[in-house]
Structures are given as structure tokens and as C-alpha cells.
Amino acid sequence: MKMRYLVFLYTLFMLAVMGAMAVTYGGLTYSGRDMVYYNEQRKLVEAEWEKGTAPEKIEEEYGCMILLSNEEEYESRLNACIEENAVIYDYCVGDVLLGKLIWEDEKNIYENMQRSLFSRSSAIWLFVLFGGYFLLGLVYVYFIRPFERLDTFAAQIAKGNLDLPLPVRKGDFFGAFTESFDIMREELARAKESEYQANRSKKELVAELSHDIKTPVATIKAACEVMQLKECDEDTLNKVEIIAAKADTIDRLVGNLFHATMEELEVLKVEQVEESSLRAEEIIAGLKYYGDLHVEGGIPECLVYMDSLRLAQVIDNIVNNAYKYAGTVVNVDFSQSTEGIRIRIADMGAGVPEEELALLTEKFYRGSNAKGKSGSGLGLYLSKLFMQQMGGGLDCYNDDGFVVELFLKKV
């Protein structure tokens, strides 16, 4: 709706008001009686009086009031009629003045006019009132409501919701203004997406460099192992051990950096497939090179949900932590329930303070026993994340040492 339509409606409204006023005041009528009419009525009344007609009957027939001069309230009633603009004639029979003939037509006319004016004025003001409500409704719909939508839109933008469009309605007075806000939203969304892609590219570069660095570090570690086997000079062996230790530190730091970057990039996906539980036993058997690892019994054979690669990362991280922080024998045993398979990995160390157990699987948290040892606090966090994505779980508790219990869900 354009402004000219509002002007047109307002003009019609005002014309209607003026028309109603014209009807109100133009419709007031007057009886049209004149002095000739009253003189004729007076003569007829006098004739009836001479015939001996009762005064009450005369008053009823001719619509007048006979006020005789010998009445007690003659003067007061006469003055009251004068004040009310009544038509008054002398009432005579022959040459004898008997009193007054009074017609109160003017009084009735004024009363009728007053009642008519009140009722019509009330109708006009009711019309004006509801017309005002109508105009206020138009003002709200076309002026106030668009700003309310802008207020809601601004609140959503402040919350970071850039996917909520701001509708532009046809005929909106603020259409261009509203469209500018929506264009601003689209530009902010594009800027946010560009920033996200730029950050992602940086993290991908870090991940690629972290992965590439692991290759030369692995070569250095392999060369150190060869030299440790073949070299006999004690001083050289000491230097090789230092190089191997530093290379191992670099390898772990780069691995943590790579894992953290991949986790932020959501690249560490878990592919949950149906696989034999014996695969978990094979993964554990491949970790015996870490040190003294005892596997008690065999794993119950059944189909479980797992991702072999991620499960290998989880078990490798747990066993590595056991040797790093406890430095004792690591025991592994299995149990079966109707829901799935449990793998219990326990060391024989001092355990973890009870108040820290719930925090061990939080991102970047490291326990009080981690001082002086390399690590980033991501190992158990990622392990629990992987196990949950495989449909299983991970629990930590103390039981004559520190225990990590893995759960694989049966198919």
C-alpha cells in the first residue's frame, strides 16, 4: 500500500464525517406554524368556549393550555411559559379578558432538537472513534510492525543466526530499508563463511605439515635404533640415545598436534562397522613391544561394532599411558555381557586421585602425576570420543592401580 492510498482513505473518512454532520444539522425541522395559524386557533377556541365546551376538552383538541386570570398560580405559571418561549395570546370573550391561551410548540421543538442533536452527535463521535481505530491499525501494520520485525531480526543477528532471512513484503513503506538489512545479513554470512574457510585452510596446512614431519622423524628414530645395535663406543651410544629421546619427544608432540588439528577439523571420523571381537585381541597382541603386557584369557568371540583403526589408536594410547605414568606391568582381561564385550586394561601403579578421575577425559586436562612427562591432555579425550562414536564407551577408575575399561557393543 502506497501513501496515496492512505490519503485517499483519509479523504473518504473526512467526507463521511462532514456528510454525517450535514445530515445531522440539515435534518432538523421546524413545525412551520405562524401567527395566522395561531390567530385562527384562538378564534376556534373562543367559539368552543361560547358553546360551553369543557376547558379540558378544548385543551386536548387544540393542543393548547387555558390559563384563567382568576387562578391562584396565574402569575407564576404565566412567567414560566414566557421563560420557555411559549406562544401566548389574550383569551377574551367579547370584551372580557378571561386569561391567556398558551401553545408550547416552541418548547417541544427545542426539546426534540436537543434529543436529535445528542443522538446524532453520539453517532458521529462513535464513527470518528472507530475510524481512528482503523487508522491506528493501518499505522501499526505499515509503520510500527516493520520495525518490530527489524528488532527480532537484529536479536537473531546478535546471536549469530545469519540464516534467518528478513522478509520484504510488497507495498512495504520501508521495503528498501528492510532489503538493506537483509543484504547486510547476507554479507555477514559470506564474511563468516570466508573466515571459516580461511581458518580451516590454516588448520589443514598445520595438519599436513604435522603429518609430513612424522616421516623424517621416523627415519631419525630408525637410524638411531640401527646405530644402537651396531655402535660399540659408549660416548657415541650416549649421544645416540639423546637423539633418539628427542626424536621420540618430537614425534609425540607432532602426533598430538596432528590429532588436535584433525579433531577441530572434524576429520577424525569413525566408521562403525560389524567386525569380529577377535580383531581387538589382535590389536592388543601387537602392542607387546611396549613392555611387560599380560593378556589374561581370550576374548569371547562375537560380532561387535568397531572401527579397527580408531580402536587401535585407543588401545595404543591407553597402554602407552600406563607405561609412561605407572611404569609397571599392564594386565588386560576380557568379559562378556548381553550388551557387549568389556576390555579391562589395568596397571599396578599408585592410581589417580579420586577428584581427578572425572576430569581425565576432558579436553586438554592432565593429571597431577603428569608433571615432567610429555603430553597434551588429548589422549583419553579422543579415546572416549572414538569409543562413543563406535556405539560403546570408556570408563576410568582405581582398583589396585589405574584401570581403563572399554566397552564394545554387540551386533
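Quick caveat, the model's predicted, so the values are computed rather than measured.

*Asks:* Teacher, can you tell me more about the overall build of the chain here?
*Replies:* Along the chain, the regular secondary structure elements total eleven helices and ten strands. The buried share of the chain, taken over its 411 residues, is 31%. Contacts spanning at least 24 positions in sequence make up 64% of the contacts within the chain whose residues lie at least 6 apart. Here the chain displays about 25,100 Å² of accessible surface, and carbon together with sulfur accounts for 57% of that area.

*Asks:* Looking at this model, I keep getting lost on the sheet that holds strand 8 (residues 340-346). Mind explaining?
*Replies:* Whether parallel or antiparallel, the strands of a sheet pair through hydrogen bonds between backbone atoms. One open sheet accounts for five strands, arranged 5-7-8-10-9; its pairing is mixed. Sheet topology places strand 5 (293-296) and strand 9 (393-398) at the edges, where each strand pairs with a single neighbour. Across the sheet, the mean angle from the axis of one strand to that of its neighbour is 20°, orientation sign disregarded. Running over the sheet, helix 9 (residues 308-326) touches strand 5, strand 7 (330-336), strand 8, strand 9 and strand 10 (402-409) and is turned about 170° from strand 10.

*Asks:* For this particular structure, what's the right way to read the packing of helix 9 against helix 11 (residues 379-389)?
*Replies:* The description of two packed helices rests on the angle between their axes and on the distance between the axes. Running from amino to carboxyl end, helix 9 crosses helix 11 at an angle of 145°, the nearest separation of the two axes being 9 Å. For the pair helix 9 and helix 11, the crossing hand works out as left-handed. Contacts between helix 9 and helix 11 involve R310, L311, Q313, V314, N317, I318 and N321 on the former and, on the latter, G379, L380, S383, F386 and M387. Looking at the contact of helix 9 with helix 11 residue by residue, the classes come out as six nonpolar, five polar and one charged.

*Asks:* Could you clarify how one ought to interpret the nonpolar core in this entry?
*Replies:* Inside soluble globular proteins, nonpolar side chains tend to come together where they are buried. One finds L311, I315, I343, I345 and L406 to be the most contacted residues of the largest nonpolar core, which totals 39 residues. Where this core is concerned, the elements lending two or more residues are helix 8 (278-285), strand 6 (303-306), helix 9, strand 7, strand 8, helix 11, strand 9 and strand 10. Here the element with the most residues in this core is helix 9; it accounts for seven residues. Apart from residues lying up to four places away in sequence, L406 is in contact with L311, V314, I315, I318, I341, R342, I343, I345, M387, G393 and L394.

*Asks:* Teacher, can you tell me more about the pattern of salt bridges here?
*Replies:* Pairing between side chains of opposite charge can happen when their charged atoms approach one another. Scanning the model with the defined rule gives eight salt bridges in all. The salt bridge partner of R344 is D399, with a shortest N-O separation of 2.8 Å. Here D399 lies in the loop between strand 9 and strand 10 and R344 lies in strand 8, a separation of 55 residues in the sequence. For D399, a relative accessible area of 38% corresponds to the partly exposed category. Because the salt bridges share partners, they merge into one network encompassing D333, R344 and D399.

*Asks:* Explanation requested: a nonpolar patch on the surface in the structure shown.
*Replies:* Together, L126, L129, F130, Y133 and L136 make up an exposed nonpolar region whose accessible area comes to about 550 Å². Following the sequence through the fold, L126 ends up in helix 5 (residues 105-158).

Cut-offs and rules
Residues numbered from 1 in each chain as written. Predicted model: local features only at pLDDT ≥ 70, side-chain atom pairs only at ≥ 80, totals over all residues. Heavy atoms only, no water. Helix = DSSP H or I, 4+ residues; strand = E, 2+ residues; numbered from the N terminus. Buried < 20%, exposed > 50% of the residue type's maximum accessible area, 1.4 Å probe, protein only. Contact = heavy atoms within 4.5 Å. Areas by Shrake-Rupley, 256 points an atom, 1.4 Å probe, with all protein chains shown as cover. Pairing = 2+ DSSP bridges. Axes fitted to C-alpha atoms, helices over the stretch in contact; angles between N-to-C directions. Left-handed = near helix turned anticlockwise from the far one by under 90°. Nonpolar A, V, L, I, M, F, W, Y, C, P; charged D, E, K, R; others polar. Core = buried A, V, L, I, M, F, W, Y, C linked by side-chain atoms within 4.5 Å. Salt bridge = Lys/Arg side-chain N within 4 Å of Asp/Glu carboxyl O. Patch = residues over 30% accessible without salt bridge, like charges linked within 9 Å, V, L, I, M, F, W, Y side chains within 5 Å.

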